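What follows is the residue order along each chain.
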Amino acid sequence: MLNQEQIMQILPHRPPMLLVDQITELDETHAVGTLTLKGDEFFFQGHFPGNPIMPAVFQLEALAQVGGVALLSSPEFRGKTAVYTGIDKAKFRAMVHPGDTLRMEIRFVKRRGPLAVAEGTAYVGDQKAAEATIQCMVVD
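Overview of the structure. The residue numbers shown here count from 1 along each chain, following its written sequence. Local features in this predicted model are restricted to residues of pLDDT 70 or higher, and side-chain atom pairs are both shown and tallied only at a pLDDT of 80 or more, whereas totals for entire chains, interfaces and linings draw on every residue. Only hydrogens and water are removed before side-chain values are computed, so all heavy atoms of the structure are retained for them.

**Observations regarding the packing of aromatic side chains**
Basically, it comes down to this: Side-chain rings of Phe, Tyr and Trp, where Trp is taken by its six-membered ring, are said to pair if the distance between their centres is within 6.5 Å; with planes under 30 degrees apart they count as stacked, over 60 as edge-to-face, and otherwise as tilted. Working definition: helices are DSSP H or I runs of at least four residues, strands are E runs of at least two. Numbering for both runs from the N terminus. Any residue under 20% of the maximum accessible area for its type is buried, any over 50% is exposed, and the rest in between are partly exposed; the area is computed with a 1.4 Å probe on protein chains only.
Taken as a whole, this structure holds four aromatic pairs when the rule is applied. Seen from their ring centres, phenylalanine 42 and phenylalanine 58 are 5.5 Å apart, and the 90 degrees between their planes marks the pair as edge-to-face. With phenylalanine 42 in the loop between strand 2 (30-36) and helix 2 (56-72) and phenylalanine 58 in helix 2, this residue pair connects regions lying 16 residues apart in the sequence. When its relative accessible area of 16% is taken as the criterion, phenylalanine 58 is described as buried. Ring geometry for phenylalanine 43 and phenylalanine 44: centres 4.9 Å apart, planes at 65 degrees, overall edge-to-face.

**A word on the environment of isoleucine 87**
Let me state the cut-off plainly: Should any heavy atoms of two residues lie within 4.5 Å, those residues are considered in contact.
Structurally, isoleucine 87 can be placed in strand 3 (residues 81-92). Sequence separation between isoleucine 87 and valine 117 is 30 residues, and the spatial gap between their C-alpha atoms is 9.4 Å. Excluding anything up to four places from it in sequence, isoleucine 87 contacts Leu60, Ala132, Thr133 and Gln135.

**Some remarks on the pairing of strand 5 (residues 115-124)**
We apply this condition: We treat two strands as partners when DSSP finds at least two bridges between them.
Burial of strand 5 is extensive: seven of the 10 residues sit out of reach of the surface. Where strand 4 (residues 101-112) lies against strand 5, 10 bridges are found, and the strand directions are antiparallel. Looking across to strand 5, one finds that glutamate 105 is bridged to threonine 121. Hairpin connection between strand 4 and strand 5: a loop of two residues separates the two successive antiparallel strands, and glycine 113 in this loop has a positive phi of roughly 55 degrees.

**Some remarks on the nonpolar core**
Here is the rule we go by: Working definition of a nonpolar core: buried Ala, Val, Leu, Ile, Met, Phe, Trp, Tyr and Cys residues. They are joined through side-chain atoms within 4.5 Å.
Ile7, Met54, Leu102 and Met104 are the most contacted members of the largest nonpolar core, which has 40 residues in total. The biggest single contributor to this core is helix 2, with nine residues. What isoleucine 7 contacts, discounting residues up to four positions off in sequence, is Leu2, Leu18, Val20, Asp21, Gln22, Ile23 and Val69.

**Section: the sheet that holds strand 3**
Rule in force here: To get an axis, a line is fitted to the C-alpha atoms, and for a helix only the part in contact is used. The angle between two axes follows their N-to-C directions and goes from 0 to 180 degrees.
Within the open sheet, the six strands sit side by side as 1-2-4-5-6-3. Their pairing is antiparallel. Both edges of this open sheet fall to strand 1 (22-26) and strand 3, since each of them pairs with a single strand only. Taking each pair of neighbouring strands and ignoring which way they run, the sheet shows an average axis angle of 25 degrees. Sheet topology places strand 3 next to strand 6 (residues 127-139); nine bridges connect them, and they run antiparallel. Bridged to alanine 82 within strand 6 is valine 138. Here helix 2 sits on the sheet and contacts strand 1, strand 2, strand 3, strand 4, strand 5 and strand 6; the angle it forms with strand 4, its principal contact strand, is near 55 degrees.

**As for the pairing of strand 2**
Burial of strand 2 is extensive: six of the seven residues sit out of reach of the surface. Here four bridges tie strand 1 to strand 2, and the two strands are oriented antiparallel to one another. When the sheet's bridge partners are listed, glutamate 25 is paired in strand 2 with valine 32. The hairpin turn running from strand 1 into strand 2, its antiparallel successor, is three residues long. Bridge analysis of strand 2 against strand 4 gives seven bridges, and the strand direction is antiparallel. The residue of strand 4 that forms the bridge with threonine 34 is arginine 103.

Read these as geometric descriptors, not functional statements.
So this is what it looks like as structure tokens:
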């Protein structure tokens with residue numbers, strides 16, 4: 001549905017902090033995106049040499065960016081930025097390695113003006129890797 005060039009027209013993030021390759025589903029209530037990890041990502045260099053694992057905080061960031069695409073696709077929020085206001089119930093279930101494709105699913109559970117709450121889950125294949133409730137706000 002959206003490639004990385006199209007995502008960069010919506011999100012202000014740029015490599016190496018852009019953590020979404022494509023958006024495969026998108027509407028006003030949810031979004032699904034993917035990130036294929038090649039192994040040359042900056043965070044693998046030191047986390048951990050000889051056994052590279054995607055840091056949990058970057059899994060949450062990737063989830064939030066998928067939600068950001070959904071929020072910032074709304075006409076009233078075009079050209080703005082979505083920022084975290086909170087993260088709750090974060091759980092990490094599986095390690096994410098180079099060569100894995102992370103599939104991130106976000107579903108909004110509450111939206112009011114520039115504020116949103118979303119439940120997100122990241123998968124590698126059918127295995128749940130991470131999940132969290134993410135609160136954010138759209139700012140200029």
